[in-house]
Amino acid sequence: MLCVAPHQPMERDPVSKLLWPGRFQAQARASLRQCLLGLDRALTVQKIPLLEPSHKLLKIDPSVVRSDLGELIDALNDGRTGAACALLNTISNKPLLDQMDFGEPFRAWLATQRKQVEGQLQIAVSRALIALDREGNLDAHARLSEAWLACGRPHPPDWHGSALSST
């Protein structure tokens, strides 16, 4: 959950309610503490300082966390079209956190996160396509557009404004 938006801390109480919805608040908080303690121990052995300690917030060090989503956004922002296309092909149309289900509150939270992530991706793809269009790099523009559409996603906002819109 923290990896979806690594720069945004989450409050402990809502997280415990999402992950342990059927438990009393004190039990859910205790379960979260136990889970975090186990995770911290495992990562300390690997010398990975992932969690940033706080009594109210859950935070991770974004410089330590890498995810396919983060890699894709970085590749799009950095103009690495080949890497972005490869990641789009790997991610395809798989839903974000598709193997996690902790009940209705979690599903509602996840639906919101998925919409936000899709919006972020669409903006990043649109910006990358605009940059490629300005550079006159029509081959990379076409590859990125095709990779995006192959994932079953809608046309990016710059689609009609691009040099390829007439093809």
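On a predicted model such as this, the values are computed, not experimentally measured, just so you know.

S.K.: Could you clarify how one ought to interpret the nonpolar core in this entry?
M.R.: Soluble globular proteins tend to pack their nonpolar side chains together in the buried interior. Judged by nonpolar contacts, the single largest core of 23 residues is most densely connected at Leu-72, Leu-76, Ala-84, Leu-88, Leu-121 and Leu-144. Of all the secondary-structure elements, those providing two or more residues to this core are α3 (68-77), α4 (81-91), α5 (104-135) and α6 (138-150). Take this core: its biggest share by element is seven residues, from α5.

S.K.: I keep staring at the packing of α3 against α5 and nothing clicks. Help me out?
M.R.: For any two helices packed against each other, one specifies the inter-axial angle together with the distance between the axes. Here α3 crosses α5 at 25°, and the two axes come no closer than 8 Å. The orientation of α3 with respect to α5, classified from their angle, is roughly parallel. Like other packed secondary-structure pairs, α3 and α5 cross with a definite hand, here left-handed. Side by side, α3 and α5 meet where Leu-69, Leu-72, Ile-73, Leu-76 and Asn-77 of the first sit next to Val-117, Gln-120, Leu-121, Ala-124, Val-125 and Ala-128 of the second. Its residues assigned to classes, the contact of α3 with α5 comprises nine nonpolar, two polar and no charged.

S.K.: So what exactly am I meant to see when it comes to the sheet that holds strand β3 (residues 57-60) here?
M.R.: Sheet strands pair via backbone hydrogen bonds, and the direction of the pair is either parallel or antiparallel. Strands sit in the order β1-β3-β2 across an open sheet of three strands; the sheet is antiparallel. Both edges of this open sheet fall to β1 (10-11) and β2 (51-52), since each of them pairs with a single strand only. For β1 and β3, the ladder comprises two bridges, and the chain directions are antiparallel. When the bridges of β3 are listed, Met-10 appears paired with Leu-58.

S.K.: Any chance you could explain the layout of surface pockets here in plain terms?
M.R.: Rolled over the atoms, a probe with the dimensions of a water molecule shows which regions are left empty. Roughly 840 Å³ of internal volume is contained in the largest pocket. Lining of the largest pocket is provided by 36 residues; of these, Met-1, Cys-3, Val-4, Leu-97 and Met-100 occupy positions nearest its centre. For the lining of the largest pocket, the per-class residue count stands at 26 nonpolar, four polar and six charged. If you add up the space inside the second largest pocket, you get close to 460 Å³. Around the second largest pocket sit 22 residues that line it, and Val-4, Pro-6, His-7, Ile-73 and Gln-120 are the ones nearest its centre. Listing elements by their share of the lining of the second largest pocket, those giving two or more residues are α3 and α5. A per-element tally of the lining of the second largest pocket places α5 first, with seven residues. Class assignment for the residues of the lining of the second largest pocket results in 11 nonpolar, eight polar and three charged.

S.K.: Hey, could you run me through α5 in this one?
M.R.: Along an α-helix, residues three or four apart share an orientation, since each turn contains 3.6 residues. For α5, built from 32 residues, the straight-helix expectation of 46 Å at 1.5 Å per residue is met to within 8% by its first-to-last C-alpha distance of 46 Å. Three or more residues of α5 are buried, namely Phe-106, Trp-109, Leu-110, Gln-113, Val-117, Leu-121, Ala-124, Val-125, Ser-126, Ala-128, Leu-129 and Leu-132. Packed against the buried residues of α5 are β1, α1 (12-19), α3, α4 and α6. Trailing α5 by a residue or two, Gly-136 shows a phi angle of about 80°, which is positive.

S.K.: So what exactly am I meant to see when it comes to the packing of aromatic side chains here?
M.R.: Pairs of aromatic rings are described using the distance from one ring centre to the other and the angle between the two planes. Under the counting rule described, the total for this entry stands at two aromatic pairs. Seen in terms of ring centroids, Phe-102 and Phe-106 are 5.1 Å apart; in terms of plane orientation they differ by 80°. Their pairing is edge-to-face. The exposure class assigned to Phe-102 is partly exposed, which follows from its relative accessible area of 31%. Here Phe-106 falls in the buried class, since its relative accessible area comes to 0%. The rings of Phe-102, Phe-106 and Trp-109 are connected pair by pair, giving a single aromatic cluster.

Reading guide: rules and limits
- Position numbers for residues start from 1 in each chain and track the written sequence from start to end.
- Given that the model is predicted, a residue must reach a pLDDT of at least 70 before its local features are reported, and side-chain atom pairs must reach 80 or more before they are shown or counted; all residues, however, enter totals for whole chains, interfaces and linings.
- Side-chain figures throughout are based on the complete set of non-hydrogen atoms in the structure, without hydrogens or water.
- Note on terminology: a nonpolar core comprises buried Ala, Val, Leu, Ile, Met, Phe, Trp, Tyr and Cys residues joined through side-chain atoms within 4.5 Å.
- Under the scheme applied here, a residue whose accessible area is under 20% of the maximum for its type counts as buried, over 50% as exposed, and between as partly exposed, the area being computed with a 1.4 Å probe on protein chains only.
- Comment: elements are numbered from the N terminus, with helices defined as DSSP H or I runs of at least four residues and strands as E runs of at least two.
- Axis definition: a line fit to C-alpha positions, over the contact stretch in the case of helices; interaxial angles, taken between N-to-C directions, run 0 to 180 degrees.
- To sort the angles, those under 35 degrees are grouped as roughly parallel, those over 145 as roughly antiparallel, those from 65 to 115 as roughly perpendicular, and the leftovers as oblique.
- Left-handed describes a crossing whose near helix is turned anticlockwise from the far helix through less than a right angle; right-handed describes the clockwise counterpart.
- Note on contacts: a residue pair is in contact if any heavy atoms of the two residues lie within 4.5 Å.
- Charged means Asp, Glu, Lys or Arg here, nonpolar means Ala, Val, Leu, Ile, Met, Phe, Trp, Tyr, Cys or Pro, and polar covers whatever is left, Gly included.
- Strands qualify as paired when DSSP identifies two bridges or more between them.
- Of the two site types, the cavity is a set of points on a 1 Å grid over the protein atoms alone where a 1.4 Å probe fits but cannot get out, and the pocket is an open set with protein on both sides within 12 Å along at least five of seven lines, each lined by residues with an atom within 4 Å of a point.
- Grid points are joined across faces, edges and corners, and a volume is the space filled by probe spheres set on the points.
- Helix span, expected: 1.5 Å multiplied by one less than the number of residues in the helix.
- The rule is short: rings of Phe, Tyr and Trp, with Trp giving its six-membered ring, pair when the centres are within 6.5 Å, and they are stacked under 30 degrees, edge-to-face over 60, tilted in between.

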